[in-house]
Amino acid sequence: MQQVCLLTVASLFVTSAQCKTPGLQTRITDRALEYATEVALDILSKQVTGQQIPDQHGQSGDVKFDITGMNVKQFTKPSSRVSLIQNVGLSWSTSGTGLAIHGDFKYKYRKGIIKISDHGSFDLKANGINFQVKIEIGMDGTGRPTMKAVGCSCNVGSADIKFHGGAACIYNLFSGQLENKLKDMVGGGNGLLCKQLNTLIDVNGMKSLQKLPVTVQIAKRFLLDYRFLSKPSFQTKFMETYHRGEVYWNAVPVDAPFAAPPLLKSSDTSRMMYIWLSDYVFNTMSYNALKYNQLQYNVTNKDLPSGVLNTTCPQSTCIGKIIKAIGTKFPNTTVMLYMKSTSMPNMTAQNGSTVVNASGDIVFFAQQPGGKYTYFLTLSATMSTTISLMIENEKVFAKVLKLPISVTVKDSKIPVSSEGLNFIVKGIVSVFVEPKLNELGAAGFPLPVINSVHFTNTQLTVAKDTLLIATDLKYSG
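Because the structure is a prediction, the values reported are computed rather than measured.

A word on a positive patch on the surface
No. 1: Together, Lys64, Lys106, Lys108, Arg110 and Lys115 make up a region of like positive charge exposed at the surface.
No. 2: Ranked by residue count, the leading element in the positive patch is strand β6 (residues 89–111), at 3 residues.
No. 3: Along the polypeptide, Lys64 turns up in strand β4 (residues 63–76).

What to know about the pattern of salt bridges
Opposite charge on two side chains permits pairing when their charged atoms draw close.
No. 1: Going through the model one piece at a time under the given rule, you end up with 10 salt bridges.
No. 2: Asp225 is the partner of Arg244 in a salt bridge, and the nearest nitrogen-oxygen pair spans 3.8 Å. Remark: Asp225 occurs in strand β11 (residues 222–225) and Arg244 occurs in the loop between β13 (238–243) and β14 (246–249); sequence separation between them is 19 residues.
No. 3: Note on Arg244: relative accessible area 22%, which makes it partly exposed.

Notes on the environment of Lys115
No. 1: Here Lys115 is to be found in strand β7 (residues 114–139).
No. 2: Sequence separation of Lys115 and Asp62 is 53 residues, and the distance between their C-alpha atoms is 9.9 Å.
No. 3: If we ignore the near neighbours within four places in the chain, the residues touching Lys115 are Tyr109 and Arg110.

Observations regarding helix α2 (residues 30–48)
No. 1: The first and last C-alpha atoms of α2 sit 26 Å apart over 19 residues, in line with the 27 Å expected at 1.5 Å per residue.
No. 2: Phi turns positive one or two residues past the end of α2, at Gly50, with a value near 90 degrees.

Some remarks on the pairing of strand β10 (residues 215–218)
No. 1: Residues Val216 and Ile218 point to one face of β10 and are all buried, whereas Thr215 and Gln217, pointing to the other face, are not buried.
No. 2: Taken together, the 4 bridges between β10 and β11 define a ladder with antiparallel strand orientation. By the bridge assignment for β11, Thr215 is matched with Asp225.
No. 3: Between the end of β10 and the start of β11, which pair antiparallel, lie 3 residues, with Ala219 showing a positive phi angle near 55 degrees.

As for unusual backbone geometry
Most peptide bonds are trans, and most residues other than glycine sit at a negative phi.
No. 1: Even without a glycine there, the phi angle at Asn293 is positive, about 60 degrees.
No. 2: When you line up the elements, Asn293 lands in the loop between α5 (280–291) and β16 (296–299).
No. 3: The phi angle at Asp465 is positive, at roughly 60 degrees, despite the residue not being glycine.
No. 4: As for its placement among the helices and strands, Asp465 is situated in the loop between β24 (453–463) and β25 (466–475).

Quick word on the UniProt feature "domain: Lipid-binding serum glycoprotein C-terminal" (unreviewed entry) in the protein
No. 1: Per the UniProt annotation, the sites labelled "domain: Lipid-binding serum glycoprotein C-terminal" (unreviewed entry) are residues 267–471.
No. 2: Regarding residues 267–471, the helix share stands at 23% and the strand share at 45%, and the terminal C-alpha atoms are separated by 15 Å.

Here's the deal with helix α8 (residues 418–443)
No. 1: Helix length check: α8, at 26 residues, gives a terminal C-alpha distance of 36 Å against a target of 38 Å (1.5 Å per residue), a fit within 8%.
No. 2: Residues of α8 that are buried: Gly420, Leu421, Asn422, Ile424, Val425, Ile428, Val429, Phe432, Val433, Asn438 and Gly441.
No. 3: Trailing α8 by a residue or two, Gly444 shows a phi angle of about 85 degrees, which is positive.

A closer look at the packing of α2 against helix α4 (residues 192–209)
No. 1: One can describe the packing of α2 onto α4 by two numbers: an axis separation of 11 Å at closest approach and a directional angle of 115 degrees. Taken as a pair, α2 and α4 cross one another with a handedness that is right-handed. Contacts between α2 and α4 involve Ile43, Leu44, Gln47 and Val48 from the first element and Leu192, Leu193, Gln196, Leu197, Leu200 and Asn204 from the second.
No. 2: The residue makeup of the contact of α2 with α4, split by class, is 7 nonpolar, 3 polar and no charged.

Some words on the packing of aromatic side chains
No. 1: By the definition in use, this model includes 12 aromatic pairs.
No. 2: Taken together, a centroid distance of 5.4 Å and an interplanar angle of 80 degrees make the contact between Phe222 and Trp249 edge-to-face. Here Trp249 lies in strand β14 and Phe222 lies in strand β11, a separation of 27 residues in the sequence.
No. 3: Phe222 sits in the buried class, given a relative accessible area of 6%.
No. 4: In this structure Trp249 comes out as buried when scored by relative accessible area, which is 14%.
No. 5: Look at Phe258 and Tyr280: their rings are 5.8 Å apart centre to centre, the planes differ by 80 degrees, and that puts the pair in the edge-to-face class. Here the residue Phe258 occupies a position in the loop between β14 and β15 (273–278), and Tyr280 occupies one in helix α5, the gap between them amounting to 22 residues.
No. 6: Residue classification places Tyr280 among the buried residues on the basis of a relative accessible area of 2%.
No. 7: Directly above the ring of Phe238 sits Arg27, whose terminal nitrogen or CZ lies 4.2 Å from the centroid.

Quick notes on the sheet that holds β13
No. 1: Pairing within the open sheet is antiparallel, and its 6 strands lie in the order β12-β13-β1-β15-β25-β24. At either end of the open sheet lies a strand with only one pairing partner, and these are β12 (233–234) and β24.
No. 2: One ladder, built from 2 bridges, connects β12 with β13; its direction is antiparallel. Within β13, the residue paired with Phe234 across the bridge is Met239.

Let's talk about the confidence of the model for the protein
No. 1: Overall, the predicted model of the protein reaches an average pLDDT of 87, with 94% of residues at or above 70.
No. 2: Taken as a whole, residues 1–18 scores under 50 in pLDDT and shows 88 contacts with residues more than four places along the chain or in a different chain.

Some points on the sheet that holds β10
No. 1: Ordered by their spatial adjacency, 3 strands build an open sheet running β10-β11-β14, and the pairing between neighbours is antiparallel. Each of the sheet's edge strands pairs with one partner strand only, and the pair in question is β10 and β14. Along the sheet, successive strands turn relative to each other by an average axial angle of 30 degrees, direction set aside.
No. 2: Bridging between β11 and β14 involves 4 bridges; their strand directions are antiparallel. By the bridge assignment for β14, Asp225 is matched with Glu246.

Calculation notes
Each chain carries its own residue numbering, running from 1 in the direction its sequence is written. Per-residue local features of the predicted model are confined to residues with pLDDT of at least 70, and side-chain atom pairs are confined, for both listing and counting, to 80 or more; whole-chain, interface and lining totals are unaffected and use all residues. With hydrogens and water excluded, all non-hydrogen atoms of the structure serve as input to the side-chain values. The patch calculation keeps residues exceeding 30% relative accessible area without a salt bridge and links them within 9 Å when they carry like charges or within 5 Å when they are nonpolar (Val, Leu, Ile, Met, Phe, Trp, Tyr). To be clear on the numbers: accessible area is Shrake-Rupley with a 1.4 Å probe, and residue cover counts the displayed protein chains and nothing else. Salt bridge, as used here: a side-chain nitrogen of Lys or Arg that lies within 4 Å of a carboxyl oxygen of Asp or Glu. Charge counting follows a simple rule: Lys and Arg are positive, Asp and Glu are negative, and His as well as the terminal groups are ignored. Note that the charge is assigned to NZ on lysines, CZ on arginines, CG on aspartates and CD on glutamates. Here a strand is any run of E in DSSP of at least two residues, a helix any run of H or I of at least four, and the numbering for each starts at the N terminus. Categorising residues by exposure relies on relative accessible area from a 1.4 Å probe, with only protein chains included: less than 20% of the type maximum marks a residue as buried, more than 50% marks it as exposed, and the intermediate range marks it as partly exposed. By definition, residues are in contact when any of their heavy atoms lie within 4.5 Å. Take the residue count of a helix, subtract one, and multiply by 1.5 Å to get its expected span. Pairing between two strands requires that DSSP report at least two bridges joining them. UniProt positions are given in the numbering used here, feature names are shortened, and annotations may be inferred rather than shown by experiment. Here, axes are lines fitted to C-alpha atoms. For helices the fit covers the stretch in contact, and angles between N-to-C directions go from 0 to 180 degrees. Working rule for handedness: look at the near helix, and if it is turned counterclockwise from the far one by less than a right angle, call the crossing left-handed; if clockwise, right-handed. Here the term charged refers only to Asp, Glu, Lys and Arg, the term nonpolar to Ala, Val, Leu, Ile, Met, Phe, Trp, Tyr, Cys and Pro, and the term polar to all other amino acids, Gly among them. Centres within 6.5 Å make a pair out of two Phe, Tyr or Trp rings, where for Trp the six-membered ring is used; the pair is then stacked when the planes are under 30 degrees apart, edge-to-face when over 60, and tilted otherwise. Whether a charge lies above a ring is judged from NZ of Lys or CZ of Arg, which has to be within 6 Å of the ring centre and within 35 degrees of the ring normal. For every residue, the predictor states its confidence as a pLDDT score lying anywhere from 0 to 100.

The following block contains the structure:
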């Protein structure tokens, strides 16, 4: 993964027009690409330095020579530029690369009856090396990003060779041919540098992209889908992608029966990367959670402070004392609350605030001898939960700020007071529901970023139906 910073960073974030509205959109700017090329050149330098070069054999006039044991001793970083090509991808060009190569030689000179042979070593310095390669970025049939190197070219400005050992007058007979051979080996579309670049993109890059988390399991039941909706789109200053941004039921991945709302428009390019996350992502998860009966729970005494759901108690903080009709009707037992959502919890982001509206029923049962339960009360409950959001470790985290709840009696077999019911329910929400929600929020919602790319200088904006993350990037490979 370390070999492909430019390529993975660039290919992670791409966009184009499509029929389906995205749940997630990303933008990677030219600032990020320039940063990525610097990292990529460091990686390329490590790859090229120490690289073995195939042996060469040749003849120049009366001299036959063999060049063996060649390897690159030094790689001088060039100046670099990356530009975006509309509907294609990236163009990466450099100028001023330098290489130092060391190797061994032996030669045989024969002219008439004169025979001379010798061996030694040499050092070659190649300067003014320029290369250019296009990187096509797209997607395959499964929605994963793809990349391919196209049209790599490389030329060597000059080469200077210095021999060690032997007769200088003989070297002059074949040094020019040897310099040209080595220049051809380094430069050209099939030379050393282009081969390394093609491997970097086509092999290492694609291998790294296979590790990109385009689908993520959540709680072993849900599947978060970040696959691309379309091929990349490239503008002068940035490139973008649209992603599905939908959460499915893992066993039955079917689209939700509603579309993602339009995302916030922005032309900002001052940061390296932008991520637009629609509230559609959360809402598709809550849709499937409701559909597959995940939003229901039996609350018993084990979930609450000691004895709150007892019907008989010496103190005044149990349900049987607070609502006397329960204690009278069902003495010396406990109550179980069956809590279930009756409609899909809906998240709405707007004007710096994020609110989740939910409604459901709270059904009361009294435990009877033998483990049976007797129904006696149903409450309708509505909640409007305000949450705060934060970005850390490339995840979105949430925390409950306010959790007001109101209840009304939907059905009752006993006389009850609304004051007592609200006291009990608010207590249960405070000590059970809110901690459970914060526990879920603390688990974090993963964003589509590879492990070696990290956020820095990050800003989160909450706008209509959109969480907009603006951040710079740091590569830690």
